[in-house]
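# Close look at the chain arrangement
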Amino acid sequence: MLGGKKFGFVSNLLYDLRKNPTLLIMMIPSVAFFIIFSYMPMVGVYYAFTKYNVRGGLFGSPFVGLKNFEFLFASGKVWTLTANTVLYNVIFIAFGTVLKVAFAIMLAEISYKRFKKVCQTVMFLPHFISMVLVGTICYALFKSNGFINTLIVSMGGETFNFYSKEHAWIWYIIIPLVNFWKSTGYGTVVYLSAIMGISDDLYEAADLDGASFMQQVRHITLPCLRPTIVILFLMNLGGIVRGQFDLFYQLVGNQPLTYGTTDIIDTYVFRAVTESFDVSRGTAIGLYQSIVGLLLVLGSVMRPGVTMATLSCMGYDMKLPEKAEHIRYDIVSMFDREAAQASFVIRDTKYVYQAVKTEAKQPLSESGEVLSWNVGDVDIQLSSSGASTSV
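Described below are features of the structure shown in this document. (Residues numbered from 1 in each chain as written. Predicted model: local features only at pLDDT ≥ 70, side-chain atom pairs only at ≥ 80, totals over all residues. Heavy atoms only, no water.)

## A closer look at the packing of helix 9 (residues 171–196) against helix 11 (residues 213–237)
Running from amino to carboxyl end, helix 9 crosses helix 11 at an angle of 140°, the nearest separation of the two axes being 10 Å. By the criterion of interaxial angle, the relationship of helix 9 to helix 11 is oblique. Between helix 9 and helix 11 lies a crossing of right-handed hand. When helix 9 is examined against helix 11, the residues V190, Y191, A194 and I195 are found in contact with a partner set consisting of T221, L225, T228, I229 and L232. When the residues that make up the contact of helix 9 with helix 11 are grouped by side-chain class, the tally is seven nonpolar, two polar and no charged. (Axes fitted to C-alpha atoms, helices over the stretch in contact; angles between N-to-C directions. Helix = DSSP H or I, 4+ residues; strand = E, 2+ residues; numbered from the N terminus. Parallel < 35°, antiparallel > 145°, perpendicular 65-115°, else oblique. Left-handed = near helix turned anticlockwise from the far one by under 90°. Contact = heavy atoms within 4.5 Å. Nonpolar A, V, L, I, M, F, W, Y, C, P; charged D, E, K, R; others polar.)

And the structure:
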């Protein structure tokens, strides 16, 4: 409720149908894809509560309730699988983000275009190499009579068994390195495009003020990359309990002695279905994985009691106060990044929020259909709009 008007889900939907019929029609194939391949198969989660047998099928197998989950938690497998999956993903996200941002900044500083294109191509190429081929190369390197052990023995050393329980810790290093080698180039492109969108006026002004390269990175590049980093982090957070099956299975394969450090939820589900044919327990651990991932996503985007949009650029943190917490909003774009002002737009089907950097003023109050307030030296204004705004 705002200004005596109330907008529900149905009214918003009808408004979108009137204003954007073409866009909604274009969404139909995507919606149909997710319904057919993501939502309809969800009926299979019933396997997690049965003792599956082929003759009985899905609904003819005996119902056992939560016994499959009890077995997984009592055996301790869930904790080991979850710990390994989360640990690897934390390493991938944390160190991977640092590498991608660092390489993007370095590429942005290369002035010779041909050399820059060559560097981008070399970095991007591993993304297209099949994990089967990568796994074959790694096995040739790490097996007992492989290249690395042959080199060690020729230098007078002893054979290092990469696939033994004693040396299983080495995979905490090998697997992240292979992941970084394969994914850094692709992720760098996203951050490089964001850097290219930063106004040159900011860097020219910094040069005139005598700022060094590192000072420009710290006070201009990184603050302007913050929204991109946050969005990609939230997208990755939802998959933090979903491992990269092809990466782990192709690099390690079926090596029981290394399961303590390399076994993740996805590889366990694969073995449960293909080796022991235990469809019920495989489905149970898969359902557990999906529920935990869903809770992490909801926890990252929903903060009960405090629903505010945070915008960041040029070192400013601007928040919509709790007056607007009931309004559905989406960050659309940033524009007019001149030296004099930095403007932001958040669009909703009914309202447009605009924050403009100005001189510090006294806090403003609610007035009719318009809400205005002051955060630091930034004035924020909320006004009603009869049509959606394009940027």
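## A closer look at the packing of aromatic side chains
One pass over the full model with this rule turns up 22 aromatic pairs. Where Y46 meets F63, the ring centres are 6.2 Å apart and the plane angle is 25°; that geometry is what we call stacked. In this pair, Y46 is assigned in the loop between helix 2 (21–39) and helix 3 (57–60) and F63 in the loop between helix 3 and helix 4 (67–75), connecting sequence segments 17 residues apart. Taking the relative accessible area as the measure of exposure, Y46 reaches 24% and is therefore partly exposed. Judged by centre distance (5.2 Å) and plane angle (15°), the rings of F245 and Y249 are stacked. Of the two residues, F245 and Y249 are both situated in helix 12 (residues 245–252); the distance of four residues between them amounts to about one turn of the helix. Using a relative accessible area of 24% as the deciding quantity, one classes Y249 as partly exposed. (Phe/Tyr/Trp six-rings, centres within 6.5 Å; stacked < 30°, edge-to-face > 60°. Buried < 20%, exposed > 50% of the residue type's maximum accessible area, 1.4 Å probe, protein only.)

All we've got here are geometric facts, nothing functional implied.
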